[in-house]
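Coordinates in review
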Amino acid sequence: MKVLVIGSGAREHALCRSLSLDPDVTALYCAPGNAGIAEVAELHPVDALDGAAVAGLAGRLGAGLVVVGPEAPLVAGVADAVRAAGIPVFGPSGEAAQLEGSKAFAKDVMAAAGVPTARSYVCATPEETAAALDAFGAPYVVKDDGLAAGKGVVVTTDRDAAAAHAAACERVVIEEFLDGPEVSLFAITDGVTVVPLQPAQDFKRALDGDEGPNTGGMGAYSPLPWADPKLVDEVLETVLQPTVDELRRRGTPFAGLLYAGLAITSRGVRVIEFNARFGDPETQVVLARLRTPLAGVLLAAADGTLADLPPLRWSEDAAVTVVLASHNYPGTPRTGDPITGLDEVAAEDAPHAYVLHAGTRRDGDAVVSAGGRVLSVTASGADLAEARERAYRAVDRIRLDGSQHRTDIAAKAAEAAGAAETAETAETAG
């Protein structure tokens, strides 16, 4: 099978890495890609938002599967254009991708499907905003209704800041604050069958201790040793399958990657948001643990045969990814800075740790920064503590002037898991 991946971030690098290891993939292409993806896939220029251009490129390359990575092309209907050209594509239609493209649409689907989520109001005027903020009180949760690259949500106790964010958006969803830890759960679906992947947790805030502004994500880990073992089955039954069934009932079947952002609240599981594609940086750790070859699973979702696949196989290892961001991220990032140390990581830390590129490009023989989130350093280990140690050891080899990263990715979970193991050992000995 020849596979074309659309996108240029660390998510797409993670997808390309997994596909490159799949023996059924005979040729791998990425458009437009980045400096790291070029090491595992043949790059091609394309306007990722132009469905006709993507479909044309896939046809010229003889691709037997197109994987659309980012949300913007999906919402723009790129998958529809590829399907119309008769080429299997992993990614929902533009209509179904409104599950991410419009938070108001997602709320409507959840209400119809009986999916548990936060109470909310859709607001388009200052008066509606003021009434909603008063109704819920602090902390205020204000979400841009449309796509905002992971940075359209403000959670604050400052009412003026909440109102200002709402005023800067055309339409917002204002909802009650959900307490409890957050979980990301991906599921692959062909519009009927839903196959959940392993859960992960990401870190949205820019700074250690969950301080600073919201970002697209500064790191992630999987598995979640603190989570209820029945969590995946519960979410499949109460969230994922009902959502897929409701979209099919509406005549807009969702085939691709359904991402549920969840809060494990004192009142049970609640959906924070849906995304219509693999999440970044959770994809990096989830795919690090997946042992089933990826291409066949994505193709089964594209051609409606997921029910025929055997259960997915997973590594027992833990995985941690740490994002290296450029100076001033998530504000206007500085770009063009040289990145060194990548060869050291490849020589000293492989195969347990490796670097996935996000915002990078080639400048002659050098690799330079070209975006806000620049690299995702990903590592596996027997447990979270070992995976963390390997990831941060690799991070320390990389030099990028002015770069920033969080130092506490998976720290609390690793510490808690270690304490639990120590207690269990003592109990067994006793």
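Let me sum up the structure you'll find in this document. Every value quoted in this text rests on a predicted model; they were computed, and no experiment measured them.

With that settled, the discussion passes to the overall build of the protein. A count of helices and strands for the protein gives 14 helices and 24 strands. In terms of overall dimensions, the protein is globule-like: its C-alpha atoms have a radius of gyration of 21 Å, near the 22 Å expected for 430 residues. In terms of its C-alpha atoms, the protein occupies a principal-axis envelope of roughly 60 × 55 × 50 Å. Buried residues in the protein amount to 54% of all 430 residues. Of the accessible surface of the protein, which amounts to about 17400 Å², a share of 51% is contributed by carbon and sulfur atoms. Distance between charge centroids for the protein: 1 Å, based on 35 positive and 59 negative side chains.

The element strand 1 (residues 2–7) is largely enclosed, with a buried count of five among its six residues. The sheet contact formed by strand 1 and strand 2 (residues 27–32) spans six bridges and is parallel. When the bridges of strand 2 are listed, lysine 2 appears paired with alanine 27. Tracing the backbone out of strand 1, into helix 1 (residues 10–20) and back to the parallel element strand 2 gives a crossover that is right-handed. As paired elements, strand 1 and strand 4 (residues 65–68) share four bridges and run parallel to each other. Note on strand 4: the bridge partner recorded for valine 3 is leucine 65.

The four strands lie next to each other as 11-10-16-17, forming an open sheet whose pairing is antiparallel. Of all strands in the sheet, those bounded by a partner on one side alone are strand 11 (194–196) and strand 17 (268–275). Neighbour-to-neighbour, the strand axes of the sheet open up by a mean angle of 35°, direction not taken into account. When strand 16 (residues 256–265) meets strand 17, the two strands line up antiparallel, connected through seven bridges. Paired with isoleucine 264 across the bridge in strand 17 is valine 269.

Burial in helix 8 (residues 159–167) covers these residues: Ala162, His165 and Ala166. Here the buried residues of helix 8 occupy an arc of 100° about the axis, which is enough to place them on one side. Facing away from the buried side of helix 8, by more than 90 degrees, are the exposed residues Asp160 and Ala167. Buried positions along helix 8 lie against helix 7 (126–136), strand 7 (140–144), strand 8 (153–156) and strand 9 (172–175). Residue aspartate 158 occupies the N-cap position of helix 8, its side-chain oxygen lying 2.9 Å from the main-chain nitrogen of aspartate 160.

Okay, the nonpolar core next. In globular proteins that are soluble, nonpolar side chains generally tend to be buried together. In this structure, Leu4, Val66, Val320 and Ile398 are the most contacted members of the largest nonpolar core, which totals 78 residues. Looking at which element gives the most residues to this core, the answer is helix 9 (residues 231–249), with seven residues. Non-local contacts of leucine 4, meaning those with residues more than four positions away in its chain, are made with Tyr29, Cys30, Ala31, Val54, Leu57, Ala58, Leu61, Ala63, Leu65, Val66 and Val67.

Take the pattern of salt bridges next. The final tally for this structure, using the stated rule, is 26 salt bridges. Among the salt bridges present, the one from glutamate 175 reaches lysine 107, with a minimum N-O distance of 3.0 Å. Here lysine 107 lies in helix 6 (residues 103–113) and glutamate 175 lies in strand 9, a separation of 68 residues in the sequence. Each member of the pair, glutamate 175 as well as lysine 107, carries the same accessibility label: buried. Here aspartate 145 and arginine 171 are joined by a salt bridge, their closest N and O atoms 3.0 Å apart. With aspartate 145 in the loop between strand 7 and strand 8 and arginine 171 in the loop between helix 8 and strand 9, the pair connects residues that are 26 residues apart, well separated along the chain. A residue is classified by how much of its surface remains accessible, and arginine 171, at 35% relative accessible area, is partly exposed. A network of salt bridges, in which partner residues are shared, links Arg11, Glu12, Glu71, Glu100 and Arg277.

For helix 6, the set of buried residues is Lys103, Ala104, Ala106, Lys107, Val109 and Met110. On its buried side, helix 6 packs onto helix 5 (98–101), strand 6 (120–123), strand 7, strand 9, helix 9 and strand 17.

Conventions and cut-offs
- Residues numbered from 1 in each chain as written.
- Predicted model: local features only at pLDDT ≥ 70, side-chain atom pairs only at ≥ 80, totals over all residues.
- Heavy atoms only, no water.
- Helix = DSSP H or I, 4+ residues; strand = E, 2+ residues; numbered from the N terminus.
- Rg over C-alpha atoms; globule rule 2.2 N^0.38 Å.
- Buried < 20%, exposed > 50% of the residue type's maximum accessible area, 1.4 Å probe, protein only.
- Areas by Shrake-Rupley, 256 points an atom, 1.4 Å probe, with all protein chains shown as cover.
- Lys, Arg positive; Asp, Glu negative; His and termini not counted.
- Charge placed at Lys NZ, Arg CZ, Asp CG, Glu CD.
- Pairing = 2+ DSSP bridges.
- Right-handed = clockwise from strand over helix to strand, strands pointing away.
- Axes fitted to C-alpha atoms, helices over the stretch in contact; angles between N-to-C directions.
- Arc of directions from axis to C-beta.
- Contact = heavy atoms within 4.5 Å.
- Polar contact = N/O pair within 3.5 Å; in protein donor to acceptor, adjacent residues only side chain to side chain.
- Core = buried A, V, L, I, M, F, W, Y, C linked by side-chain atoms within 4.5 Å.
- Salt bridge = Lys/Arg side-chain N within 4 Å of Asp/Glu carboxyl O.

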